[in-house]
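Descriptive structure summary
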Amino acid sequence: MKKIMLAFNIVLGALCLFLIILYDCCGGLMLKGITAAGFVLLGLINALYAWLAKSDHRPFALRMLLGLAVCMIGDIVLNLSFIPGAIIFALGHILYCIAFGKLNQYRKNDFFSIAVVMILSLAILLLTPGLHFGSSVMACIVYIYALIISLMVGKAIANYLRGHSALTALQMLGAILFYFSDLMLLLLYFADAPQITDVLCLYTYFPGQCLLAHSIFHAVSENKGGEPA
């Protein structure tokens, strides 16, 4: 079953890449939704693998899948209204934080990595020239969002530092790509940055989500309680 699921991951990964390029060329909210549905489908396939293999990581897989689905919704809503979209995305990050905790429980040492990322995020918000949020409400939402995504990225880094594996490496890289994508979005929305930031946002966000979705496959494959590798 492992080889079959790996083949599914490769095919779906290639499909996601094609959709990213197509969306970049054509644009449109519907195509954006279809592109986002690609990483949700990838997560769904891998979550089903976790159940079929009776993996111990099924709770992790479920929360990752929920996080992917919520982010897909946030992706669509963001094009319609920024604040509701940002709130939905923040919920997606919280689900990822819970999922990472299911994989490796939170420990005191984790908060060093989390604190470093949070300090970096606050420094970016406070020191980047030209940032204008327009209102105190918007500024508050951006700062809270920054702390939540910093928690997600910091926990992914902490999991990798605790145990190097394909699983933790994929999650860390996926989380960092997501973080960088949001940084580009921040500059695009609130600092009148060049259009290249929109391209960088696109080509880091979707691949980052795909890596997070693919990490579920490795959670099952590396799990001793699941199907033998």
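Everything below is about the structure printed above this text.
Structural notes, computed from the coordinates. In this text, all values refer to a predicted model and were calculated from it rather than measured experimentally.

1. Examining the side chain of Asp182
- Relative to the assigned elements, Asp182 resides in helix α7 (residues 166–190).
- For Asp182, which is buried and forms no salt bridge, the nearest opposite charge comes from Lys32, at a distance of 9.7 Å.
- Looking at Asp182, its side chain comes within polar contact range of the side chain of Tyr145, at 2.4 Å.
- Beyond its immediate sequence surroundings of up to four residues, Asp182 is in contact with His93, Tyr145 and Ile149.

2. Focus: the packing of helix α2 (residues 29–52) against helix α8 (residues 196–221)
- Between α2 and α8, the least distance of the axes is 8 Å, while the angle of their chain directions is 10 degrees. As summarised for this structure, α2 and α8 are arranged roughly parallel, according to the angle between their axes. Where α2 approaches α8, its residues Lys32, Thr35, Ala36, Phe39, Leu42, Gly43, Asn46, Ala47, Tyr49 and Ala50 are matched on the opposing element by Tyr205, Phe206, Gln209, Cys210, Ala213, His214, Ile216, Phe217, Val220 and Ser221.
- Of the residues assigned to the contact of α2 with α8, the class counts are 13 nonpolar, 6 polar and 1 charged.

Calculation criteria
- Residues numbered from 1 in each chain as written.
- Predicted model: local features only at pLDDT ≥ 70, side-chain atom pairs only at ≥ 80, totals over all residues.
- Heavy atoms only, no water.
- Helix = DSSP H or I, 4+ residues; strand = E, 2+ residues; numbered from the N terminus.
- Buried < 20%, exposed > 50% of the residue type's maximum accessible area, 1.4 Å probe, protein only.
- Lys, Arg positive; Asp, Glu negative; His and termini not counted.
- Salt bridge = Lys/Arg side-chain N within 4 Å of Asp/Glu carboxyl O.
- Polar contact = N/O pair within 3.5 Å; in protein donor to acceptor, adjacent residues only side chain to side chain.
- Contact = heavy atoms within 4.5 Å.
- Axes fitted to C-alpha atoms, helices over the stretch in contact; angles between N-to-C directions.
- Parallel < 35°, antiparallel > 145°, perpendicular 65-115°, else oblique.
- Nonpolar A, V, L, I, M, F, W, Y, C, P; charged D, E, K, R; others polar.

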